[in-house]
Amino acid sequence: MAAFIAVIGVGLPIWLLLSTRYTLEPRQLRVQSGPFKWHIKVADITSITPSSNALSSPALSLDRLRIDYGSGRSLMISPRNKEQFLRDIEAARRGAA
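Quick summary incoming for the structure in this document.

Here is what the cut-offs are and how they apply
Residues numbered from 1 in each chain as written. Predicted model: local features only at pLDDT ≥ 70, side-chain atom pairs only at ≥ 80, totals over all residues. Heavy atoms only, no water. Helix = DSSP H or I, 4+ residues; strand = E, 2+ residues; numbered from the N terminus. Buried < 20%, exposed > 50% of the residue type's maximum accessible area, 1.4 Å probe, protein only. Areas by Shrake-Rupley, 256 points an atom, 1.4 Å probe, with all protein chains shown as cover. Lys, Arg positive; Asp, Glu negative; His and termini not counted. Charge placed at Lys NZ, Arg CZ, Asp CG, Glu CD. Phe/Tyr/Trp six-rings, centres within 6.5 Å; stacked < 30°, edge-to-face > 60°. Pairing = 2+ DSSP bridges. Axes fitted to C-alpha atoms, helices over the stretch in contact; angles between N-to-C directions.

## So, the overall build of the chain
And step 1. Scanning the chain from N- to C-terminus turns up two helices and six strands.
And step 2. Each helix (α) and strand (β) of the chain, taken in turn from the N terminus, gives the series α-β-β-β-β-β-β-α.
And step 3. For the chain, the spread of C-alpha atoms along the three principal axes comes to 55 × 25 × 25 Å.
And step 4. With 97 residues in all, the chain has 28% of them scored as buried.
And step 5. Of the roughly 6,500 Å² that the chain leaves accessible, carbon and sulfur atoms contribute 58%.
And step 6. Charge separation in the chain, taken as the distance between the mean sites of 13 positive and 7 negative side-chain charges, equals 5 Å.

This is the structure we're talking about:
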């Protein structure tokens, strides 16, 4: 039993750390972190704001972007190059309109 708890306690954080990624496609933003996946339609994004909120999220840093989408939903991410990410999202939003 202790081995199982150790595997979960050590394995899950490593899995989250190594697998967190954000993929911007023409019509959606895909976010993956370990076993968790989000598919956000670019057209559903209502705002993107800087955040340093420490709530649990698929962000590997506290230098985050909060993405509000749909009806009251949000997700925080931490892309390496926030400025480029914002430019890419804006270009995708213009293309989706």
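## Describing the packing of aromatic side chains
And step 1. Throughout the structure, instances matching the rule amount to one aromatic pair.
And step 2. Seen in terms of ring centroids, Phe 36 and Trp 38 are 6.5 Å apart; in terms of plane orientation they differ by 35 degrees. Their pairing is tilted.
And step 3. Given a relative accessible area of 24%, Trp 38 falls into the partly exposed group.

## A closer look at the sheet that holds strand β3 (residues 36–41)
In a beta sheet, neighbouring strands are held together by backbone hydrogen bonds and run either parallel or antiparallel to one another.
And step 1. Pairing is antiparallel in the open sheet, where three strands are placed in the order β1-β2-β3. One side of each edge strand has no neighbouring strand; the edge strands of this open sheet are β1 (21–24) and β3. In this sheet, adjacent strand axes meet at a mean angle of 15 degrees when their direction is disregarded.
And step 2. Inspection of the sheet shows strand β2 (residues 28–33) paired to β3 by six bridges, in the antiparallel sense. Bridge pairing in β3 places Arg 30 opposite His 39.

## Describing the sheet that holds strand β4 (residues 45–51)
And step 1. If you trace the three strands from one edge of the open sheet to the other, you get β4-β5-β6, paired in antiparallel fashion. Every interior strand has two partners, whereas the edge strands, β4 and β6 (73–77), have only one. Strand after strand, the sheet turns through a mean of 20 degrees between neighbouring axes, direction not considered.
And step 2. Of the pairings in the sheet, the one linking strand β5 (residues 64–69) to β6 comprises five bridges and is antiparallel in character. For Arg 66, the partnering residue across the bridge sits in β6 and is Met 76.

## Things to note about the environment of Gln 28
And step 1. Within the secondary structure, Gln 28 sits in strand β2.
And step 2. In the structure, Gln 28 is positioned 48 residues away from Met 76 in sequence and 16 Å away in space, judged by C-alpha atoms.

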